[in-house]
Amino acid sequence: MDKTKIPVEIQEQSKKIISDFNQKELKGNPDLSYVPEFKGNYLYLNRREYNKINPVVRLKYTGNMKKWKFEIFKWSSETYDSEDFFFPGSEYVDGTIQGAMKAGNEAYPV
């Protein structure tokens, strides 16, 4: 497996997970949804909030759909941080995409 890029099949599975989360947890609100962006071995979970898209979480693909490495976006430094686990919602960080989005919703409520 090429570790510099998330395989297309994994990207498709990820998009389905995100779409399902948007429908269930965000009630299918077209003005509020997670928008995936794939760059190399990273999945950026940005959130559409009305007419703006904001960074929330970055996940690094490890080769296992249940063991993504989590990084929260910190507005104070405008960077992603893998060491910060003292934020509201950190208890949801479990290596899954769903857990990352739940954590993002708690850390940055809308």
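Heads up: the structure comes first, above all this text.
This text gives an overview of the structure that appears in the document. None of the values given here were measured: they were computed from a predicted structure. (Residues numbered from 1 in each chain as written. Predicted model: local features only at pLDDT ≥ 70, side-chain atom pairs only at ≥ 80, totals over all residues. Heavy atoms only, no water.)

Quick word on the pattern of salt bridges
Item 1. For the structure shown, the criterion picks out 6 salt bridges.
Item 2. A salt bridge links aspartate 20 to lysine 16; the nearest nitrogen and oxygen atoms lie 2.9 Å apart. Of the two residues, aspartate 20 and lysine 16 are both situated in helix H1 (residues 8-25); the distance of 4 residues between them amounts to about one turn of the helix.
Item 3. Put simply, lysine 39 and glutamate 37 hold a salt bridge, and the shortest N to O gap is 3.3 Å.
Item 4. The partly exposed category is assigned to lysine 39, whose relative accessible area is 45%. (Salt bridge = Lys/Arg side-chain N within 4 Å of Asp/Glu carboxyl O. Helix = DSSP H or I, 4+ residues; strand = E, 2+ residues; numbered from the N terminus. Buried < 20%, exposed > 50% of the residue type's maximum accessible area, 1.4 Å probe, protein only.)

Notes on the sheet that holds strand E1 (residues 32-39)
Item 1. Strand order in the open sheet made by the 5 strands is E1-E2-E3-E4-E5, with antiparallel pairing throughout. Either end of the sheet is taken by a strand with one partner, and the two such strands are E1 and strand E5 (79-81). Taken pair by pair, the neighbouring strands of this sheet meet at an average axis angle of 30°, ignoring direction.
Item 2. In the sheet, strand E4 (residues 69-74) pairs with E5 via 3 bridges, with the strands oriented antiparallel. Counterpart to phenylalanine 73 in the pairing with E5 is tyrosine 80. (Pairing = 2+ DSSP bridges. Axes fitted to C-alpha atoms, helices over the stretch in contact; angles between N-to-C directions.)

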